[in-house]
Amino acid sequence: MNDFDLTIRGGMVASDVDTFRADVGIVGDRIVAMENGLPAGRRDIDATGRYVLPGGIDTHCHVEQRSGMGRMGADDWYTASVCAAFGGTTTIVPFAAQHRGTSLAQVAADYAALAREKSVIDYSYHLILSETDPQTLNTDLPELIRSGITSFKVYMTYEQLKIDDYQMLDVLAVAARERALVMVHAENNDVIKWVSQRLLERGYTAPKFHGTSHVQLAESEATHRVIQLSRLFDVPILVVHVSAREALATIQAAQKMGAQVYGETCPHYLLLTEDDMDLPGTEGAKYCCSPPLRDADAQQALWDALKQGTLQTLSSDHAPYRYDATGKLPKGDATTFKDVANGMPGLEARLPLLFSEGVSKKRLTLPEFVALSATNHARMYGLFPRKGLLQPGADADVAIWNPLCEFTLTAATLHDNVGYTPYEGMSVTGWPETVVSAGRVIVERGELHAERGSGRFIPRKTPMPCAIERELTPSTRFFRSLSYGAHEQK
Ligand code: DUC
Ligand code: ZN
Ligand code: ZN
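Residues numbered from 1 in each chain as written. Chains lettered and ligands numbered in written order. Predicted model: local features only at pLDDT ≥ 70, side-chain atom pairs only at ≥ 80, totals over all residues.

Looking at an unreviewed UniProt entry, the chain carries the name D-hydantoinase, with the source organism given as Paraburkholderia fynbosensis. Its UniProt record gives the chain a comment under Cofactor (unreviewed entry), which states: "Zn(2+)". UniProt annotates the chain under Sequence similarities (unreviewed entry) with the comment "Belongs to the metallo-dependent hydrolases superfamily. Hydantoinase/dihydropyrimidinase family." (UniProt positions renumbered as here; feature names shortened; annotations may be inferred.)

Shown next as structure tokens:
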């Protein structure tokens, strides 16, 4: 067969379990052949000395989304998807966020329209639920799940978004019924609020006190609590942005007990610490995120957890707030740690950082990198096997990495609209030189070749954790049955 539209030849391919030499043959948007000695296609890429990897999938990034505090991120679907592409990511899954008093169905429809018009790469989105009224839980959410939006996030903190334990049980019961994955932001709101108020009263307002108020036990307590709630129905949950050793230990212990709990962390928790928040004036606001940056001990625990499989995914949690009144500094110099928009940019730097600090520094193998950057995301969120692995039949989403390329991260060379990077001046080894999305070479020699709106919505299947058939205990069956109305047929 010599009628490939595109071939990538001579490179080293990796999956989540293996590394092997193979050429990749692509027709249209799909991979159709993978073996040595393929003939050149109409377009041929020489990948000698390069790693040929599945395009990354980022399942936690905030794009064109208003935060609970009402702050708008600086990246829209165009700029965010361009950043992703330059960083070797070919699928993004941001959030359609329901704010209180709004219709979930409308929120999702509006968000879909923004993505359709602007994204240059394939995408899906999760939902964020802040309401648990009957319309949201019994009508809109099940319909959206059935249409391929098979995951959603809930918050245990942030006054404007958080749900209480009673609401959490309602949400978990619907997820069990509809086989959707619940992502949880796990921090104890009252602990944070209590400590914050007292810090502010005493004049401790600098950004570094954000870390003091989001004390580690607030994260581990909420993590423990939501795991216990999920066990009532034996429903899978995924704890997002795990930052601390205690929260990790809680997850590990629950996994050992057989609880269906999964976890994610982000590059900033692996590479930065609370000391980064301790800068003159308000400068430390650039490093405020929730949960906050921790310490070197937590970093080591997180690397170990990625390696051991306690945590399944590494996401950016890209939260593109500018260092100005629109984002980080709503009150200028008078901004306290409580007013700072939480989060930092990371969509483009995510994979170069993981590759450099993980693979190049030999903390991770290449298959582990593939698992954490793509395959596990695809499995956890219902994109597999269409995405997440290079194999015949899969979408031709490929990142061709030069493992020796040295690159210095600076705000000026990244493609977001944020104006700063927390990794300014950091040097990485390894860069995704060429990026292919659905058979199109969209990044090459530092240039973008993709039109606004050329990315496609990918309806997702049942997330892998929710598709596992488990023998339910009589008590789990009983509690699940209580989630139906007394008169409803189960
Ligand atoms: N925390 C969140 O919960 N979301 C955005 C970024 C952050 O730091
Ligand atoms: Zn969160
Ligand atoms: Zn987030």
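Along the chain, the regular secondary structure elements total 14 helices and 21 strands. Relative to its length of 490 residues, the chain is compact, with a C-alpha radius of gyration of 22 Å against a globular reference of 23 Å. Summarising its shape, the C-alpha atoms of the chain cover approximately 65 × 60 × 40 Å along the three principal directions. The buried share among the 490 residues of the chain stands at 55%. At a minimum sequence separation of 6, the contacts of the chain that also span at least 24 residues come to 78%. (Helix = DSSP H or I, 4+ residues; strand = E, 2+ residues; numbered from the N terminus. Rg over C-alpha atoms; globule rule 2.2 N^0.38 Å. Buried ≥ 20, exposed ≤ 12 C-beta atoms within 10 Å, placed from the backbone. Contact = placed C-beta atoms within 7 Å.)

Time to look at the UniProt feature "modified residue: N6-carboxylysine" (unreviewed entry) in the chain. According to UniProt, the positions carrying the feature "modified residue: N6-carboxylysine" (unreviewed entry) are Lys153. If you trace the backbone, lysine 153 turns up in strand E13 (residues 151-155). If we skip the residues at most four places from it in the chain, lysine 153 touches Phe95, His126, Ile128, Met183, His185 and Val240.

Right, let's get into the sheet that holds strand E11 (residues 122-123). Sheet strands pair by backbone hydrogen bonding; their relative direction is either parallel or antiparallel. With parallel pairing, three strands are arranged side by side in an open sheet as E8-E9-E11. Here the strands that pair on one side only, and so sit at the sheet edges, are strand E8 (56-58) and E11. Pairing of E8 with strand E9 (residues 89-92), which is carried by three bridges, proceeds in the parallel orientation. Looking across to E9, one finds that aspartate 58 is bridged to isoleucine 92. (Pairing = 2+ DSSP bridges.)

Summarizing the sequence annotation, UniProt attributes the feature "domain: Amidohydrolase-related" (unreviewed entry) to residues 51-441 in the numbering used throughout. Annotated as residues 51-441, this span is 37% helix and 16% strand, and its ends, taken at the C-alpha atoms, are 16 Å apart.

All right, on to helix H7 (residues 216-233) then. For H7, which comprises 18 residues, the first-to-last C-alpha distance of 27 Å matches the rise-based estimate of 26 Å (1.5 Å per residue) to within 8%. For H7, the set of buried residues is Ala218, Glu219, Ser220, Glu221, Ala222, Thr223, His224, Val226, Ile227, Ser230 and Phe233. Looking at the residues trailing H7, positive phi occurs at aspartate 234, about 50 degrees. (Expected span 1.5 Å × (residues − 1).)

Moving on to the nonpolar core. If you look at soluble globular proteins, the nonpolar side chains tend to sit buried side by side. Of all hydrophobic cores here, the largest spans 147 residues; its most connected members are Val52, Ala85, Leu127, Val182, Val184, Val239 and Val398. In this structure, valine 239 is in contact with Val184, Ala186, Thr223, Ile251, Val261 and Gly263, ignoring residues within four places of it in sequence. (Core = buried A, V, L, I, M, F, W, Y, C linked by C-beta atoms within 7 Å.)

Under the 1.5 Å per step criterion, the end-to-end length of helix H4 (residues 165-178) is 20 Å for 14 residues, consistent within 8% with the ideal 20 Å. Considering only its buried residues, H4 is in contact with helix H3 (134-146), E13, strand E14 (181-185), H7 and helix H14 (474-482).

Before going further, it helps to examine the packing of helix H11 (residues 350-360) against helix H12 (residues 366-380). Packing of H11 against H12 leaves a shortest axis separation of 10 Å and a crossing angle of 150 degrees. The angle between H11 and H12 falls in the class roughly antiparallel. Pair H11 / H12 crosses with right-handed handedness. Of the residues in H12, those in contact with Leu351, Leu354, Phe355, Gly358 and Val359 of H11 are Leu366, Phe369, Leu372 and Ser373. A breakdown of the residues in the contact of H11 with H12 according to their chemical character gives seven nonpolar, two polar and no charged. (Axes fitted to C-alpha atoms, helices over the stretch in contact; angles between N-to-C directions. Parallel < 35°, antiparallel > 145°, perpendicular 65-115°, else oblique. Left-handed = near helix turned anticlockwise from the far one by under 90°. Nonpolar A, V, L, I, M, F, W, Y, C, P; charged D, E, K, R; others polar.)

Quick look at the sheet that holds strand E17 (residues 313-314) now. Ordered in space as E10-E12-E13-E14-E15-E16-E17, the seven strands form an open sheet in which the pairing is parallel. Where the open sheet ends on each side, the last strands, each with one partner, are strand E10 (95-97) and E17. Where strand E12 (residues 126-128) lies against E13, two bridges are found, and the strand directions are parallel. In the sheet register, isoleucine 128 faces E13, and the bridge partner there is lysine 153.

This next bit is on the packing of H7 against helix H8 (residues 245-256). Any two packed helices are characterised by how steeply their axes cross, that is the angle between the axes, and by the distance between the axes. Where H7 meets H8, the axes come as close as 8 Å, and the angle between the chain directions of the two elements is 20 degrees. When the axis of H7 is compared with that of H8, the two are roughly parallel. When the axes of H7 and H8 are compared, the crossing they make is right-handed. Taken together, the residues of H8 that come into contact with H7 (itself represented by Gln216, Leu217, Glu219, Ser220, Thr223, His224 and Ile227) are Glu246, Ala247, Thr250, Ile251 and Ala254.

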